[in-house]
Amino acid sequence: MAAIIVVGTQWGDEGKGKIIDILSRQADVIARYQGGNNAGHTVVVGEEEFTFHLIPSGILHPGKKCVIGSGVVIDPQGLIEEIEELEPKGIAFAGRLFISDRAHITMPYHKVLDRVIDEKRGKGKIGTTGRGIGTTYMDKTARVGIRVCDFLDREVLKEKLEIGLSEKNDLLRRLNSHHHLDSEKKMLDEYTGYAERMKPFVTDTSFMVNEAIRNGENVLFEGAQGALLDINFGTYPYVTSSHPISGGACVGVGVGPTRIDKVVGVVKAYTTRVGGGPFPTELEGDLAETLRNAGPIGEYGRTTGRPRRCGWFDAVVVRQSAIINGLDCIAVTRLDILDRFSKIKMCVGYEYGGRTLREFPSLLKVVESCKPVYEEMDGWNEDTSGVRRFRDLPMNARRYLEKISGLAETELCMVSTGPGREQTIKVKDVWRP
Ligand code: IMP
């Protein structure tokens, strides 16, 4: 019995979906704690590929309970669509999906405003996913948001919509946007329908997860995005609006830090980023293209389809992440993508103003002027896809993983050598104390 948090350690897209899927086998409850349908977790089961945006990927395991915690923002339309896509594939939701009554709702105006506001930023565009994530969290912190419990009550929803719509129309006018929002009546009718669909799943999930922990069940907390997109510790303002870091699991599900046993960090064997913002080890040209297109699943955003920016492994990022997340161990993913490189570089520090920095700077213009300090290693030029034992990896691949673990000052627990469930090396049993 344990409570384990899984976090992304870079800029998201580390392959958390697969790691969570593997760990879910031994979990009783899987709880998502932040973000919304900006996330896209892919899990490959046999020939079939599943992509999750809001629903915890643990739903693939029959009998497991899946929770959408209060720290998540829910687009009801997106949620219902996701359920309707998964149901024909044989996935059952009744008695297995639990939605927090305190999570906040993304309305159509949040999506419109997200896009309009990001466009207005011009050169400083964040490159958001356009899913209304930041604008929903804006309303939440401004204390004018709509929570799931409000959403289920037609009268409360009507009242909140009246205020919300007039405020948002005003804002759109001031932003000189030509966007037109649906009438309150139309929105109310459409969204009341979604509320009816959601109702059977809604409960006090904090109570439920705490009960599960008290009863000795295994609980897995599923983070979306990554530590460098955290609103506090990421590359602000090029971040998401929630807390992907491990602390976010406590506030996002409503469990105390004393209840958590372990934090697992998912680390991609190189680095990617989608959207704007600094990326010190970013590559261009052929090297970036090779990283982007090697392997069965290319580096393209699951939610927006945008090509991901690609670069070498950055130890400054991962070390920072290990500290702020309090990582106990790391799961390294997409090792097989590096199979085709004869030389592999790792960034071990940043050169700035004649000094070598080991910590990630807070000031954006400093990050932008940092030059990565690289160490170069020989590659292994061998197919590692599907290797299942650490000792069966080529010597240089083992060295590379040990180097990552050393730089992150965190022990290695898993390695992923391909998208399939079986393409996994278990170095340590994560569920063991
Ligand atoms: P937002 O979360 O849509 O507001 O986008 C803010 C930033 O986070 C943008 O750079 C997005 O590309 C990035 N982002 C949001 N969700 C993900 C994700 O799941 N993976 C990678 N990047 C993400």
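This one's a predicted model, so the numbers in the text were calculated from it and none came from an experiment. (Residues numbered from 1 in each chain as written. Predicted model: local features only at pLDDT ≥ 70, side-chain atom pairs only at ≥ 80, totals over all residues. Heavy atoms only, no water.)

(A) Spotlight on the sheet that holds strand 7 (residues 97-100). With mixed pairing, the 10 strands of this open sheet are ordered in space as 9-7-5-2-10-1-11-15-19-20. Edge positions in the sheet fall to strand 9 (202-203) and strand 20 (424-426), since each of these pairs with one other strand and no more. Bridge count between strand 1 (residues 3-8) and strand 10 (residues 219-222): 4 bridges; the pairing is parallel. Bridging from a neighbouring strand, A3 pairs with V219 of strand 10. (Pairing = 2+ DSSP bridges. Helix = DSSP H or I, 4+ residues; strand = E, 2+ residues; numbered from the N terminus.)

(B) Structural detail: the packing of aromatic side chains. The tally for this structure, following the rule as stated, stands at 7 aromatic pairs. For the ring pair W11 and F279, a centre distance of 5.4 Å and an interplane angle of 50 degrees mean the geometry is tilted. Of this pair, W11 sits in the loop between strand 1 and helix 1 (16-24) while F279 sits in the loop between strand 12 (271-273) and helix 10 (285-293), and the two are 268 residues apart along the sequence. Each member of the pair, W11 as well as F279, carries the same accessibility label: buried. (Phe/Tyr/Trp six-rings, centres within 6.5 Å; stacked < 30°, edge-to-face > 60°. Buried < 20%, exposed > 50% of the residue type's maximum accessible area, 1.4 Å probe, protein only.)

(C) Inspection of the site of the ligand at higher detail. Near the ligand there are 15 residues, and of these N38, T129, T240, V274 and R306 occur at the shortest range. In this structure, G127 approaches the ligand through a main-chain N or O atom, which is 3.4 Å from an oxygen atom. The contact in question runs from an oxygen atom of the ligand to an N or O atom on the side chain of T129, over 2.6 Å. In the complex, 97% of the free accessible area of the ligand, which totals 470 Å², lies under the protein chains. (Near = heavy atom within 4 Å. Polar contact = N/O pair within 3.5 Å; in protein donor to acceptor, adjacent residues only side chain to side chain. Areas by Shrake-Rupley, 256 points an atom, 1.4 Å probe, with all protein chains shown as cover.)

(D) Quick look at helix 10. For helix 10, every residue scored as buried is listed here: A288, L291 and R292. Taken around the axis of helix 10, the buried residues stretch over an arc of 100 degrees, which confines them to a single face. Packed against the buried residues of helix 10 are strand 13 (309-311). Within two residues after helix 10, G295 carries a phi angle of roughly 85 degrees, on the positive side. (Arc of directions from axis to C-beta. Contact = heavy atoms within 4.5 Å.)

(E) Structural detail: the side chain of H110. Along the polypeptide, H110 turns up in helix 3 (residues 108-120). Here H110 falls in the buried class, since its relative accessible area comes to 2%. The residues contacting H110, other than those within four sequence positions of it, are I105, G132, T135, T136 and D139.

(F) Spotlight on the state of the cysteines. The final tally for this structure, using the stated rule, is 0 disulfides. Here C250 stays free of any disulfide, with the sulfur of C329 as its closest cysteine sulfur at 17 Å. For C250, a relative accessible area of 14% corresponds to the buried category. (Disulfide = S-S within 2.5 Å.)

(G) A look at the nonpolar core. Within the largest apolar cluster, 60 residues are counted, with the highest numbers of intra-cluster contacts made by I74, L79, F93, I99, F151, M198 and L220. With 6 residues, the single largest contributor to this core is helix 7 (residues 184-198). In terms of domain composition, this core takes at least three residues from each of domain 1 (3-92 + 204-426) and domain 2 (104-200). V7, A212, I213 and L335 belong to the second-largest nonpolar core, a separate cluster that totals 56 residues. (Core = buried A, V, L, I, M, F, W, Y, C linked by side-chain atoms within 4.5 Å. Domains from an automatic or database assignment.)

(H) Geometry of the packing of helix 2 (residues 76-86) against helix 7. Taken N-terminus to C-terminus, the directions of helix 2 and helix 7 make an angle of 50 degrees; their axes are 10 Å apart at the nearest point. By the angle between their directions, the pair helix 2 and helix 7 is classed as oblique. Considering the relative orientation of helix 2 and helix 7, their crossing is left-handed. Judged by residue contacts, P76, Q77, L79, I80, I83 and E84 of helix 2 engage E190, Y191, Y194, R197 and M198 from helix 7. Class assignment for the residues of the contact of helix 2 with helix 7 results in 7 nonpolar, 1 polar and 3 charged. (Axes fitted to C-alpha atoms, helices over the stretch in contact; angles between N-to-C directions. Parallel < 35°, antiparallel > 145°, perpendicular 65-115°, else oblique. Left-handed = near helix turned anticlockwise from the far one by under 90°. Nonpolar A, V, L, I, M, F, W, Y, C, P; charged D, E, K, R; others polar.)

(I) Region of interest: unusual backbone geometry. Across the junction of Y236 and P237, the peptide omega takes the value 5 degrees, indicating a cis bond. Mapped onto the fold, P237 is located in the loop between strand 10 and helix 9 (247-253). You will see that R143, though not glycine, has its phi angle at about 65 degrees, which is positive. When you line up the elements, R143 lands in the loop between helix 4 (133-141) and helix 5 (148-151). For R143, a relative accessible area of 74% translates into the label exposed.

(J) Region of the structure containing the pairing of strand 5 (residues 65-68). Pairing of strand 2 (residues 29-32) with strand 5, which is carried by 4 bridges, proceeds in the parallel orientation. What sits directly across from R32, in strand 5, is I68. Relative to strand 7, strand 5 runs parallel, the two being bridged by 3 bridges. In the sheet register, I68 faces strand 7, and the bridge partner there is I99.

(K) Representation of the pattern of salt bridges. Throughout the structure, instances matching the rule amount to 27 salt bridges. D118 serves as the salt-bridge partner of R121, at 2.7 Å between the closest nitrogen and oxygen. Residue R334 is joined to E299 by a salt bridge in which the shortest nitrogen-to-oxygen separation is 3.1 Å. Of the two residues, R334 is situated in the loop between strand 15 (329-333) and strand 16 (343-352) and E299 in the loop between helix 10 and strand 13; the sequence distance between them amounts to 35 residues. R334 gets classed as buried once you look at its relative accessible area, which sits at 18%. Given the relative accessible area of 0%, E299 is considered buried. When salt bridges that share partners are traced, they join D13, K268, E299, R308 and R334 into one network. (Salt bridge = Lys/Arg side-chain N within 4 Å of Asp/Glu carboxyl O.)

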